[in-house]
Amino acid sequence: MDSRKIIDILRGTIDPNLRQQAEEELTQMKKIIGFTPALLQVVMMGELDMPVRQAGVIYLKNMVAQYWKDAEYECGEPKPFHIHEQDRAMIRDAIVDAVVHAPDLVRVQLAVCTYQMVKHDFPGRWTTIVDKISIYLQNPDTSLWNGSLLCLYQLVKNFEYKKKEDRGPLHEAMRMLLPMCYERMVHLLPDPSEHSTLLQKLVLKIFYALTQYHLPLELLSREQFTEWMEVIRQVADRLVPDQTLQVDEEERPDLPWWKIKKWALHILARIFERYGCPSTVSKEYKQFAVWFIKTFTQGILQVLMKILDLYRNKIYISPRVLQQTLHYLEQGVGQSIAWKLLKPHMLSVVQDVLFPLMCYSDSDQELWNSDPYEYVRVKFDIYEDLVSPVTAAQALLLSTVRKRKEMLEKTMIFLMQVLTTPNVDPRHKDGVMHMIGTMGGVLLKKKIYKDQMETMIAQYVFPEFQSPFGFMRARACWILQNFDEIRFKSDQNIMAAMNCIQNSLLNDHDLPVKVEAAMALSAFLASQNKAEKIVEPNIRPIVQELLKVIKETENDDLTNVMCKIVTTYTDQLTPIAVEMCTQLAATFQQVVDAEDGADEKAITAMGLLSTIETLINCMEENPKIMEQIEPITLQVVGLILTKNVMEFYEEALALIYSLTSTRISPDLWKCFEMMYQMFRNDGFDYFTEMMPALHNYVTVDPDAFLSNEAHLFGYMKMCKTILTQDCSEDDECHAAKLLEVVVLQCQGRINQCLGSIIQLVVERLLREVKTTELRTMLLQASLFICTIGLFGF
């Protein structure tokens, strides 16, 4: 294979004028034996320009991802392309060396190749990867360790989520490699350089991936485990170099010295949570947990308390290190051995760590002022919650006051002292309310506090709705939401609460306040019987404002609020139902068209579709409204089905089902045709979700169904495909049921199909049937079809 030609073609892919031709040439060359190893050789040519090498390694990565696995095909079909075994053997022999010696920009892509190769070839075709890694790890040259550790990480990652019984090949490899990793770690520990720290971090990532779901006790004797814990403890305990303070605070978490601390704390917290708590571990780890908590708790807690002391003294701690520290303590609060050590310090932790964390911060203020939309997104982002020190502080506080009785009283005394301080800082007041709201469920279960909560809300919370500080108005809404289950003794107080919430949603000029008010409104409607009547006179402007806020924020929590309101005030919202549907559809279009935040946008879009479905279900008995809602909804459905937006197929099919429940318009019959095309293209996996709508098409208007031969053809084709292809038996049950339904609804009008229907069902019965449900459904369908179809009963 001519390397120069490959280089010229790769260079062409970078030139916009030559890209199409170059890509076509690569497509033709990729099937030639020898091309893939030659491509790897080109990628590893140090004298080549980096853009050319990057183009080559990206193409190589895509080749491995698509064509490494042996191609599967049916007998009689043309054999699809995959990389020839001769080429794969050459790549397997060279890839570890390539990862070790490649520059970082290339190494990252080669590591992805390694992951895919391990996935398909280890251990069957590729046990030599273990030997290659071990050779490099034994070499005293530390510059060779990064690539070899990276390859080992790909090996371990492949087994990270596998069951214990499927991890044998990994454990066999790690018998040799894990001790080497420990030796390398010990060798590197005294060296605080960036290169050394990055290597240490990679070793810890390997250890975490190895142990996060299954702790291989057969690999780690107690002595070896103790050695690892000591190394990890040292990493968590050692100070970060002073030069890191010269870096901007927002960039510090990405420094290797903070990243390795994060991984050390991550390991400690995970092992304690999953294997070290005797009261919660599975039976196989019971003995280990007892030993772990007795042996390591004191040493680990000493390190964690030092971290909290640094934070208390205003010394920078990265958010993830702080979050993991608090997470470990949350687990420890419930364990008697750990609690004995924590108890003397816990009130101080509450006062000096949790309280400051839960106060409104400078970064909160900056984000509120600069980008309120982002402020709302961050505050409601469940992914942010997983890594947020504030969320960890909430969890630790709640766990402490739930499990340790004396801590609730001590904490409340402290909070009331702060709250009653003359001229208290509004941010401190926010922290107090944040903590009280977090403990709301616990407080309402204690009679001594339960009876005081209404008075406290009236005295301290209601006035904050007039605060000049937006964050305090938002906190007032939030705390009402967290005390929504209070049984108000005074009608005046519940009226005041609802008026404050409504006014905040309708009239407050700060977006985060409106969002919190909407959440509080939903909570009160669910928990307070009197709330519904209080809100009713303002429900139309509330809905219109809520639609506006949903469009502005694209917040999926608010779509749940809208669903609650629609089901509660169906009659009152009928006059504006069409307007609501129009705005929801427009917001959906806006969310789908957005290019950033795909995962978050998808959740919001699903919420919008669910709200439209709720609106349809509430208005289905009003034909005039439905006639206007239907075309708006069908625009949304058409967008999803025609553009093959697969992540919304289920919601689109649910909308079709709702629209076809009582009547089927000509436009909805066009939807049937789109469903059939979707099924043929890529909707094969959504047959179960299609089934309710298909059932409606036959049962709601059988005359229209039979008026067009294409309807019956498409219906029968889908059922036949499911019953003759390699589908799940759940799908096949639905197909059998649909055949039964069409025979029942169209008696005497589809006699020409009966023979093929019976043949289809019987042939499926003659093949292996694993579940009783499918066998019963097939027998029932065949009997029913014979009885109804052949005898006309």
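Just above, that's the structure.
Source: prediction; values computed, not measured. (Residues numbered from 1 in each chain as written. Predicted model: local features only at pLDDT ≥ 70, side-chain atom pairs only at ≥ 80, totals over all residues. Heavy atoms only, no water.)

(A) Fine view of the environment of Leu48. You can see Leu48 is positioned in the loop between helix H3 (35-43) and helix H4 (50-67). With 365 residues separating them in the primary sequence, Leu48 and Ile413 have C-alpha atoms 70 Å apart. When sequence neighbours within four positions are dropped, the list of residues in contact with Leu48 reads Ile7, Arg11, Val42 and Arg53. (Helix = DSSP H or I, 4+ residues; strand = E, 2+ residues; numbered from the N terminus. Contact = heavy atoms within 4.5 Å.)

(B) View of the nonpolar core. Counting 295 residues, the largest nonpolar core has Ile565 and Tyr715 as the members making the most contacts within it. Take this core: its biggest share by element is 13 residues, from helix H13 (residues 286-312). In this structure, Tyr715 is in contact with Phe672, Leu694, Val698, Phe705, Leu738, Leu739, Val741 and Val742, ignoring residues within four places of it in sequence. (Core = buried A, V, L, I, M, F, W, Y, C linked by side-chain atoms within 4.5 Å. Buried < 20%, exposed > 50% of the residue type's maximum accessible area, 1.4 Å probe, protein only.)

(C) The packing of aromatic side chains, seen in detail. Enumeration over the complete set of coordinates arrives at 35 aromatic pairs. Aromatic side chains Phe122 and Phe159 sit 6.1 Å apart centroid to centroid with 90° between the ring planes, which places their arrangement in the edge-to-face category. You can see Phe122 sitting in the loop between helix H6 (104-121) and helix H7 (128-138) and its partner Phe159 sitting in helix H8 (residues 145-159), a full 37 residues away along the chain. Under the relative-accessibility criterion, Phe122 is labelled buried at 10%. By relative accessible area, Phe159 is classed as buried at 4%. Judged by centre distance (5.4 Å) and plane angle (65°), the ring pair of Tyr208 and Trp263 falls under edge-to-face. You can see Tyr208 sitting in helix H10 (residues 194-211) and its partner Trp263 sitting in helix H12 (residues 256-275), a full 55 residues away along the chain. Of the residues examined, Trp263 reaches a relative accessible area of 14% and is grouped as buried. A connected cluster of aromatic rings, assembled from ring pairs, spans Phe225, Phe272, Phe288, Trp291, Phe292, Phe296 and Tyr328. Over the ring of Phe159 we find Lys162, and its NZ or CZ is 4.6 Å from the ring centre. (Phe/Tyr/Trp six-rings, centres within 6.5 Å; stacked < 30°, edge-to-face > 60°. Lys NZ or Arg CZ within 6 Å of the ring centre and 35° of its normal.)

(D) Focus on the layout of surface pockets. Its volume calculated, the second largest pocket comes out at about 420 Å³. What lines the second largest pocket is a set of 20 residues, among which Arg377, Thr553, Glu554, Glu600 and Thr604 lie closest to the centre. Looking at the lining of the second largest pocket, the elements with two or more residues in it are helix H17 (372-379), helix H18 (382-387), helix H28 (539-553), helix H29 (556-568) and helix H32 (598-619). When grouped by side-chain class, the residues that make up the lining of the second largest pocket number 6 nonpolar, 4 polar and 10 charged. (1 Å grid on protein atoms, 1.4 Å probe; cavity = no way out; pocket = protein on both sides within 12 Å on 5 of 7 lines; lining within 4 Å. Points joined across faces, edges and corners; volume = space filled by probe spheres on them. Nonpolar A, V, L, I, M, F, W, Y, C, P; charged D, E, K, R; others polar.)

(E) The environment of Met439, seen in detail. With respect to the secondary-structure elements, Met439 resides in the loop between helix H21 (426-438) and helix H22 (440-443). The class for Met439 is buried, based on a relative accessible area of 0%. Separated by 282 residues in the primary sequence, Met439 and Thr721 have C-alpha atoms spaced 55 Å apart. Residues within four places of Met439 in sequence aside, it is in contact with Leu397, Leu398, Val401, Leu408, Thr411, Met412 and Leu415.

(F) Structural view of the packing of helix H34 (residues 649-659) against helix H36 (residues 687-699). Where H34 contacts H36, the two axes come as close as 8 Å, and the packing angle between them is 20°. By the angle class used here, H34 and H36 are roughly parallel. Crossing of H34 over H36 shows left-handed handedness. On the side of H34, the interface is formed by Glu650, Leu653, Ile656 and Tyr657, while H36 contributes Glu689, Met690, Pro692, Ala693, Asn696 and Tyr697. Of the residues belonging to the contact of H34 with H36, the class tally is 7 nonpolar, 1 polar and 2 charged. (Axes fitted to C-alpha atoms, helices over the stretch in contact; angles between N-to-C directions. Parallel < 35°, antiparallel > 145°, perpendicular 65-115°, else oblique. Left-handed = near helix turned anticlockwise from the far one by under 90°.)

(G) Expanded view of the pattern of salt bridges. Taken as a whole and assessed by the stated rule, the structure comprises 38 salt bridges. Its salt-bridge partner being Lys514, residue Glu545 comes within 3.0 Å of it at the nearest N-O pair. Of this pair, Glu545 sits in helix H28 while Lys514 sits in helix H26 (residues 511-527), and the two are 31 residues apart along the sequence. Both residues of the pair, Glu545 and Lys514, belong to the buried class. Across the salt bridge formed by Glu630 and Arg663, the nearest N and O atoms sit 3.0 Å from each other. Placement of Glu630 in helix H33 (residues 623-642) and of Arg663 in the loop between H34 and helix H35 (666-681) is noted, with a sequence separation of 33 residues between them. (Salt bridge = Lys/Arg side-chain N within 4 Å of Asp/Glu carboxyl O.)

(H) Local environment of empty space enclosed by the protein. Counting across every chain of the model gives 1 cavity of 30 Å³ or more. Split into classes, the residues belonging to the lining of the largest cavity amount to 4 nonpolar, 2 polar and 2 charged.

(I) How the structure looks around unusual backbone geometry. The peptide bond linking Phe122 to Pro123 adopts the cis configuration, its omega dihedral lying at 5°. Here Pro123 shows up in the loop between H6 and H7. Despite not being glycine, Asn423 shows a phi value in the positive range, around 55°. Within the secondary structure, Asn423 is located in the loop between helix H20 (405-419) and H21. Residue Glu554 is not a glycine yet carries a positive backbone phi of 55°. Following the sequence through the fold, Glu554 ends up in the loop between H28 and H29.

(J) Molecular detail of a nonpolar patch on the surface. A surface patch of nonpolar side chains, about 450 Å² in accessible area, is lined by Ile382, Tyr383, Leu386, Val387 and Ile603. The biggest single contributor to the nonpolar patch is H18, with 4 residues. Mapped onto the elements of the fold, Ile603 is located in helix H32. (Patch = residues over 30% accessible without salt bridge, like charges linked within 9 Å, V, L, I, M, F, W, Y side chains within 5 Å. Areas by Shrake-Rupley, 256 points an atom, 1.4 Å probe, with all protein chains shown as cover.)

(K) A look at H34. Burial analysis of H34 places 8 of its 11 residues in the buried class, the great majority of the element. All of the buried residues along H34 are Tyr649, Glu651, Ala652, Leu653, Leu655, Ile656, Ser658 and Leu659.

(L) Focus on the environment of Val106. Take Val106: it is sitting in helix H6. Along the sequence, Val106 and Leu525 sit 419 residues apart, while their C-alpha atoms lie 57 Å from each other. For Val106, the residues in contact, after removing those within four places along its chain, are Val43, Met50, Arg53 and Val57.

(M) Here's a closer look at the side chain of Ser522. With respect to the secondary-structure elements, Ser522 resides in helix H26. For Ser522, a relative accessible area of 16% translates into the label buried. Once you skip the residues sitting within four places of it in the chain, Ser522 turns out to touch Val561 and Lys564.

(N) Representation of the side chain of Arg53 within the structure. With respect to the helices, strands and loops of the structure, Arg53 is situated in helix H4. Look at Arg53: it is buried, it has no salt bridge, and the nearest opposite charge is Glu47 at 7.2 Å. Separated by 2.7 Å, the side chain of Arg53 and the backbone oxygen of Val43 make a polar contact. Aside from chain neighbours lying at most four places away, what touches Arg53 is Val42, Val43, Met44, Met45, Gly46, Leu48, Pro103 and Val106. (Lys, Arg positive; Asp, Glu negative; His and termini not counted. Polar contact = N/O pair within 3.5 Å; in protein donor to acceptor, adjacent residues only side chain to side chain.)

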